[in-house]
Amino acid sequence: TTDRLGARVHLWLRLVAATLVVAGVHFAGVSLRALPARGDAEIFVPSPQTARLLSFGFDAALSDFHWMRAIQIVGSPEGPAGRSHVLAALIDLVTTLDPWVDHPYRFAAVWINDDEPAVRKANRLIRRGIDHHPNDWRGYFYLAFNHFYYLGEQEEAARALEPALELEGRPIYLTRLHARLAAQAGGLDAAAAFLAEMAQQTTDAIERKKFEEALMEVETERRARFLDAARAEYVRRYARDIESVDDLVSGGVLRALPPDPFGKGWMLGETAQIVSKHVRYRYGVKLDGGSREIIRRFRERSRAN
């Protein structure tokens, strides 16, 4: 009888707690429409510790509520600009209450990027996602993207992406992307060794051809860097830049140009860099003009903060 009474009391306490949580979420949900529209306006976000104490064990329900708050901010007419730090606090709360969620971690990668401190917060959230979803290649990809695109940390990007290369279901382009990141950080030898190993191990003829082409791109970059050094010597000697790659020979800096691995020769590209006439760009992750402008504004905001 005592055990039965205790079970009933426990059940009633759970029902009361559930009612309080539902009522609290409903009350707060009514106020969602009143969230400040301005990016610099204050939005109250409780600490994860406080929220967990007040959830009465219904962590997932409270997590869903704050997840909806984050979605509403991004979907509002004003958009998420200037609200990265509020979004970071909300996603921290969401993923502390329910760390096994999936999409909020990728949400952090996409929307928390107003300035460098915001991106650092996003990266911490992405790493939390990796800890709970270690077999999902997307977490490593987004972490590498933030290091490369916003923070200009190529070595960190390459290291962040590397664990994804061993995962089943990862897209084949991750291997080449990792090699490009490693090369851009100065590690051409490591990139070449990595690609050679992948080409040797794969049993797929199409994949092997892609790895072999990537190896040729690495060798092209190696020779282009040699030409860069010769170009610097030309400028030192003549106090002017070259007008064509052939000037390195006619000016006496080189006896002959190294062969282009693709057999097309060398030229000055659109950005005046020395490039293969076949590849027409330097080995590394390429950014278009729009992306470069986004990064420029991002770094200006980071310096201002």
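For the structure itself, look to the data block above.
Computed from a predicted structure; not experimentally measured.

Participant: Please give an account of unusual backbone geometry that cites residues and values.
Facilitator: At Ala-239, a residue that is not glycine, the phi angle is positive and equals roughly 60 degrees. With respect to the helices and strands, the residue Ala-239 is situated in the loop between helix 11 (205–238) and helix 12 (247–250). Relative accessible area serves as the criterion here: at 71%, Ala-239 is assigned to the exposed category. Phi is positive for Ala-272, close to 70 degrees, though the residue is something other than glycine. The topology assignment puts Ala-272 in the loop between strand 1 (266–268) and strand 2 (274–276).

Participant: Please provide a residue-by-residue account of helix 8 (residues 154–161), values included.
Facilitator: Among all positions in helix 8, only Ala-157, Ala-158, Ala-160 and Leu-161 are buried. For helix 8, the arc enclosing every buried residue in end-on projection is 165 degrees, short of the 170-degree limit, so these residues lie on one face. Those residues of helix 8 that are buried are in contact with helix 7 (137–150) and helix 9 (173–184).

Participant: Any details on the packing of aromatic side chains? Residues and values, ideally.
Facilitator: In this structure the tally under the stated criterion is six aromatic pairs. Centroid distance Trp-67 to Phe-107: 5.0 Å. Interplanar angle 80 degrees. Geometry classified as edge-to-face. Of this pair, Trp-67 sits in helix 3 (residues 59–75) while Phe-107 sits in helix 5 (residues 103–111), and the two are 40 residues apart along the sequence. A relative accessible area of 5% means that Phe-107 is categorised as buried. Aromatic pair Phe-141 and Tyr-142: ring centres 5.7 Å apart, planes at 75 degrees, arrangement edge-to-face. Given the relative accessible area of 25%, Tyr-142 is considered partly exposed. Here a set of aromatic residues connected by ring pairs shows up, and it is made of Trp-137, Phe-141, Tyr-142 and Tyr-173.

Reading the values: the criteria
Residues numbered from 1 in each chain as written. Predicted model: local features only at pLDDT ≥ 70, side-chain atom pairs only at ≥ 80, totals over all residues. Heavy atoms only, no water. Helix = DSSP H or I, 4+ residues; strand = E, 2+ residues; numbered from the N terminus. Buried < 20%, exposed > 50% of the residue type's maximum accessible area, 1.4 Å probe, protein only. Arc of directions from axis to C-beta. Contact = heavy atoms within 4.5 Å. Phe/Tyr/Trp six-rings, centres within 6.5 Å; stacked < 30°, edge-to-face > 60°.

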